[in-house]
Amino acid sequence: MALTDRADAEQLSFSIFNTEMAVHSMRDSGYKSTAHALAELIDNSVEAGATTIELFGVSRRELVSERETLRLKELAVLDNGSGMTPDELRGSLRYGHGTRLRRRGIGRFGVGLPNSSMSQARRVDIWSWQAGRANACHARLWIDDVEAGQMEFPEPSRKPLPDIYLEASQYGFSDSGTLVVWTEMDRVEWTRAATTFKNAEALIGRIYRRFLLPSSERLHIDDVRDQEIGGQRRIVCVPVELDANGTNPTIDERGILHVRPNDPLYLMSGTSCPEDFGPGPMFEELAASPIDVEINHGGEVHTVRIRASYARPHVRASDHPDADWPDNYAGGDAGHTPWGKHAASNLGVSLIRAHREIEIDKGWINNYDPVERWWKVEVDFPPALDEVFGVTNNKQGAMTFQRLADFDWQRELLPGETTFRAVRERMSLDGDPRVHLFDLQYQVQKTCDMVRQKAKLSKQKRGPRHAQAAADDADRMATAEIQRRFKEGQIGSSDRATLTTSQEDQRRIQVTSLVQRGISEREARRHVAETLEQGNKVRWIHAQQNNAAFFDVESQPGVIQVTFNASHPVFTDFYEIISPDVDSLEPDDAIERLADGAAAFRLLLYSWARLEDELPDERKRAIRDLRNDWGKYAEDFFIIEEQAIAPTDRV
């Protein structure tokens, strides 16, 4: 049959998109957290000229396991921006309907609202108005509609705004604005509004820090771009509680959270960082900062600005003349203070696009060195360089820039190449996107080295056996016990994999695993090299993990890798105990750490005890057997310790 005859005989439809499948797949669009998804809605509010932005979390009282608790049912964002016409409202829910492709502001591809909403909820409703709230038009995107065969959005219709938000608003409804409401939230991270807002404040405050501050605090004194930011914004989080019937909304005034700016450079004032250390900002700017790097792209020259800062002396030493620490922290380790922990939460190079933070890139830091918290670098680039930096459509990363954190031109050498110039010319001919950022990469790395050096303090080692040595002993003793068990025929997965894997493949597999855990390739290679050189069968790392476990175990060829989950609350309490940065501790602070460690260890055992307490009887027996088996292994490992370290060495 001829093609034309077949076309006449059959009506075939091959649309570019299968609407239902496309919407479902877009739900997995890679938002790092609920807070990141909410940031997309805040982007729209900022672009609409809003000066007040309110986030609402509506929770309902429910009975869970015979106990009444609050469960998050709705998340909403209200602004006093310019609002949308009915056509704009209808288009805002359409994938790829962006109106800001000229790359002058925060927007990127016009998929932010539907993408972020569907990543967290099955339904999003939008009201928008330009001539008073009584004229608000409504539209929605609901997966139930899509699954029922809906192919187009109907015309927006007049619909009253929900009373709950009219009553809960802290600033009132302006003559123009937009309200976005998420319901049927099956993918949000937290089940309580207060928890959602608490976890979101640090991220939202950091992303929009420049928008949350007055003109005098936003930029370097010689930066003339203040008009690009506009007026100061206010962002407030409002938790709303409903009774068991879903009625009688109430607001706990104490739970209202006004988002404060979070400045990773620690040069701004009025931020979320505790400032109980003494006068002035926590950090000071590097003398050479800001540093401008020009990048030629698309026939135009664009400027990328680098700023860097490092901690002031009295922030890290309570005996400094300018220090004014609280009595309970005086004489202790600065890393154990509230401001030290705040600095640790902002590790990495902050990447700013259109005055909004894209991400903090941790590839430029040494994760194992606590001194890294005491220096900061910010890289500020215009949206015109999105393709050069490799900005993702959800504005959560810059892929090309990330790849430069551990760039080493010598690793890129091909046969016949001996110089960086040769590598650069060849990569340019190959169209490698990294080549456009080589000058920037050099300057960022140089700036990191300069400010890192400023932050380093010379520390006098005290005592014959320090924390890092103790950690090394633990690795060595665990290796000895693993080898003993292997000789006795107790074969583990890591042992079996070793027998069938070359050393080069072992190295490659281990490096790949570390990179997948969020470790930079450079750091991953260093970790693996040290493990192989020392002949260890175990490796300990800490990294951000997206699961509920406070540690993970991974069997690799030749090594058992334990990852301490830096996202888990247990990490916060234990890190100060296990951190190698203890050699400069005063006795009182060391005693405090021991006490904290003892309490944290007790809580760990209590949490396990409660787990067993709540399990059904058939599972209790299995868990009890597992606990007993772990106890036997622990006994063997600790016997190795007693044999390996003489009493005189254990001072």
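Data block above holds the structure.
Residues numbered from 1 in each chain as written. Predicted model: local features only at pLDDT ≥ 70, side-chain atom pairs only at ≥ 80, totals over all residues. Heavy atoms only, no water.

Novice: So what's going on with the side chain of Asp386? Residues and values would help.
Specialist: Looking at the secondary structure, you find Asp386 in helix H13 (residues 386-389). Reaching out from Asp386, the side chain makes a polar contact with the side chain of Arg353 at a distance of 2.7 Å. (Helix = DSSP H or I, 4+ residues; strand = E, 2+ residues; numbered from the N terminus. Polar contact = N/O pair within 3.5 Å; in protein donor to acceptor, adjacent residues only side chain to side chain.)

Novice: Outline the nonpolar core, listing residues and values.
Specialist: Core analysis: the largest hydrophobic core is formed by 51 residues, its most contacted members being Met282, Val377, Val379, Phe389, Phe401 and Leu440. Mapped onto this core, the elements with two or more residues apiece are strand E11 (291-297), strand E12 (300-311), helix H12 (338-344), strand E13 (349-353), strand E15 (375-381), H13, helix H15 (420-429) and helix H16 (438-455). Listed in part, the 45 residues of the second largest apolar core include Leu72, Val124, Val180 and Met185. (Core = buried A, V, L, I, M, F, W, Y, C linked by side-chain atoms within 4.5 Å. Buried < 20%, exposed > 50% of the residue type's maximum accessible area, 1.4 Å probe, protein only.)

Novice: Requested: an account of the packing of helix H3 (residues 34-47) against helix H5 (residues 112-120), with residues and values cited.
Specialist: Closest axis-to-axis distance for the H3/H5 pair is 9 Å, and the angle between their directions is 150 degrees. By the criterion of interaxial angle, the relationship of H3 to H5 is roughly antiparallel. Judged by the sense of rotation from one axis to the other, the crossing of H3 with H5 is left-handed. Here H3 contributes Thr34, Ala37, Glu40, Leu41 and Asn44 to the contact with H5, which in turn contributes Gly112, Leu113, Ser116, Ser117, Ser119 and Gln120. Among the residues forming the contact of H3 with H5, the class breakdown is three nonpolar, seven polar and one charged. (Axes fitted to C-alpha atoms, helices over the stretch in contact; angles between N-to-C directions. Parallel < 35°, antiparallel > 145°, perpendicular 65-115°, else oblique. Left-handed = near helix turned anticlockwise from the far one by under 90°. Contact = heavy atoms within 4.5 Å. Nonpolar A, V, L, I, M, F, W, Y, C, P; charged D, E, K, R; others polar.)

Novice: Got a sec to walk through the pairing of strand E14 (residues 356-361)? Specific residues and values, please.
Specialist: Counted residue by residue, E14 has six buried out of six residues, so it is predominantly covered. In this structure, E13 lies alongside E14, joined through five bridges in antiparallel fashion. Bridge pairing links Val349 to Asp361 in E14. Turn length for the E13-E14 hairpin, with the two strands adjacent in sequence and antiparallel, is two residues, and the turn residue Ala354 shows positive phi of about 55 degrees. (Pairing = 2+ DSSP bridges.)

Novice: Account for the pattern of salt bridges, naming residues and giving values.
Specialist: Summed over all chains, the structure comprises 44 salt bridges. Where Arg421 meets Glu425, a salt bridge forms, and the shortest distance between an N and an O atom there is 3.3 Å. Here Arg421 and its partner Glu425 are both found in helix H15, four residues apart, which amounts to about one turn of the helix. Look at Arg421 and you get exposed, because its relative accessible area is 63%. Beyond isolated ion pairs, a larger network of salt bridges with shared partners links Arg206, Arg209, Arg210, Asp222, Asp223, Arg225, Asp263, Asp292, Arg305, Glu357, Glu378 and Asp380. (Salt bridge = Lys/Arg side-chain N within 4 Å of Asp/Glu carboxyl O.)

Novice: Would you mind going over the sheet that holds strand E18 (residues 559-565) in detail, with residue names and values included?
Specialist: The mixed open sheet is built from three strands, whose spatial order is E16-E18-E17. If you trace the sheet from one side to the other, it starts and ends with strand E16 (538-543) and strand E17 (551-556), each paired once. Averaged over all adjacent pairs, the angle separating strand axes in this sheet is 20 degrees, with direction ignored. Pairing geometry for E16 and E18, over six bridges, is parallel.

Novice: Mind laying out the packing of aromatic side chains, listing which residues take part and the relevant values?
Specialist: Within the structure shown, the criterion is met by 14 aromatic pairs. When the ring of Tyr266 is compared with that of Phe283, the centres are 5.0 Å apart and the planes differ by 40 degrees; the resulting orientation is tilted. Here Phe283 lies in strand E10 (residues 283-285) and Tyr266 lies in the loop between strand E9 (257-258) and E10, a separation of 17 residues in the sequence. With a relative accessible area of 0%, Phe283 lands in the buried category. Centroid distance Trp364 to Phe401: 5.4 Å. Interplanar angle 35 degrees. Geometry classified as tilted. Pair noted here: Trp364 is in the loop between E14 and E15 and Phe401 is in helix H14 (residues 399-403), with a separation of 37 residues, a long-range link. Using a relative accessible area of 0% as the deciding quantity, one classes Trp364 as buried. Members of the aromatic cluster, joined through ring pairs, are Phe277, Trp325, Tyr329 and Trp339. Over the face of the ring belonging to Trp142 we find Arg123, whose NZ or CZ atom lies 4.6 Å from the ring centre. (Phe/Tyr/Trp six-rings, centres within 6.5 Å; stacked < 30°, edge-to-face > 60°. Lys NZ or Arg CZ within 6 Å of the ring centre and 35° of its normal.)

Novice: Residues and numbers for a nonpolar patch on the surface, please.
Specialist: A surface patch of nonpolar side chains, amounting to about 430 Å² of accessible area, comprises Phe551, Val553, Trp630 and Tyr633. Considering the arrangement of structural elements, one finds Phe551 in strand E17. (Patch = residues over 30% accessible without salt bridge, like charges linked within 9 Å, V, L, I, M, F, W, Y side chains within 5 Å. Areas by Shrake-Rupley, 256 points an atom, 1.4 Å probe, with all protein chains shown as cover.)

Novice: Go over unusual backbone geometry with me, naming the residues and quoting the values.
Specialist: A cis amide bond links Ser289 to the next residue, Pro290, at an omega of 0 degrees. Its location among the elements puts Pro290 in the loop between E10 and E11. Non-glycine residue Asn248 carries a positive phi angle of around 55 degrees. Tracing the sequence through the fold places Asn248 in the loop between strand E7 (234-242) and strand E8 (250-251). Of note in the backbone geometry, Tyr266 takes a positive phi value of approximately 55 degrees without being a glycine. Accessibility expressed as a relative area gives 3% for Tyr266, which makes it buried.

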